[in-house]
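Okay, here's what each chain looks like letter by letter:
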Amino acid sequence: GPEASDANGDQDIGLMNADGTGVTMITDAATDERAPEWSPDGTRIAFITDRDGNDEVYVMGVDGSNPTRLTNTPEHEAFY
């Protein structure tokens with residue numbers, strides 16, 4: 001999934017066809033959502049977000065549904 005900065009300057013996650021058409025944004029938060037990775041079965045996307053005040057790993061459906069936090073990281077630690 002691609003990452004894109006929106007008008008507010010934060011990063012969000014979207015999907016698109018292989019030829020670059022049909023872009024659909026699946027996150028639109030006032031926080032950064034980045035580093036998306038498909039689950040092996042292609043039904044979910046893992047990503048990093050700072051929506052809780054510091055970086056955490058979340059997983060969501062491919063349509064952006066049911067975002068669920070997977071980590072509980074102490075403040076100021078970062079995932080790369």
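Our structure is the block above this text.
Each chain carries its own residue numbering, running from 1 in the direction its sequence is written. This being a predicted model, a pLDDT of at least 70 is required before a residue's local features are given, and a value of 80 or more before pairs of side-chain atoms are given or counted; all residues contribute to the totals for chains, interfaces and linings. As a rule here, side-chain values come from all non-hydrogen atoms in the structure, and water together with hydrogens is ignored.

Note: two strands are recorded as paired if DSSP finds a minimum of 2 bridges between them. Secondary structure elements follow DSSP: runs of H or I of four or more residues count as helices, runs of E of two or more count as strands, with numbering from the N terminus. Where strand β4 (residues 33-38) lies against strand β5 (residues 44-49), four bridges are found, and the strand directions are antiparallel. In the sheet register, Arg 34 faces β5, and the bridge partner there is Ile 48. Hairpin connection from β4 to β5: five residues lie between these consecutive antiparallel strands, with Gly 42 at a positive phi of about 75°. As paired strands, β5 and strand β6 (residues 56-61) are joined by six bridges and run antiparallel to one another. Note that in β6 the partner of Ile 48 across the bridge is Val 57. Hairpin connection of β5 to β6: six residues between the antiparallel strands, including Gly 53 at a positive phi of 100°.

Our focus in this paragraph is a nonpolar patch on the surface. Like-charged residues within 9 Å of one another, or nonpolar side chains (Val, Leu, Ile, Met, Phe, Trp, Tyr) within 5 Å, are grouped into patches, provided each residue has over 30% relative accessible area and no salt bridge. Note that accessible areas follow from Shrake-Rupley with a 1.4 Å probe, and for residues the cover is restricted to the protein chains shown. What makes a salt bridge here is a side-chain nitrogen of Lys or Arg within 4 Å of a carboxyl oxygen of Asp or Glu, nothing more. Side chains of Met 16, Val 23 and Met 25 sit close together on the surface and give an oily, nonpolar patch of about 280 Å² of accessible area. Looking at the element boundaries, Met 25 is found in strand β3 (residues 24-25). Met 25 sits in the partly exposed class, given a relative accessible area of 42%. Between buried and exposed lies partly exposed: a residue is buried under 20% and exposed over 50% of the maximum accessible area for its type, with that area taken using a 1.4 Å probe on protein chains only.

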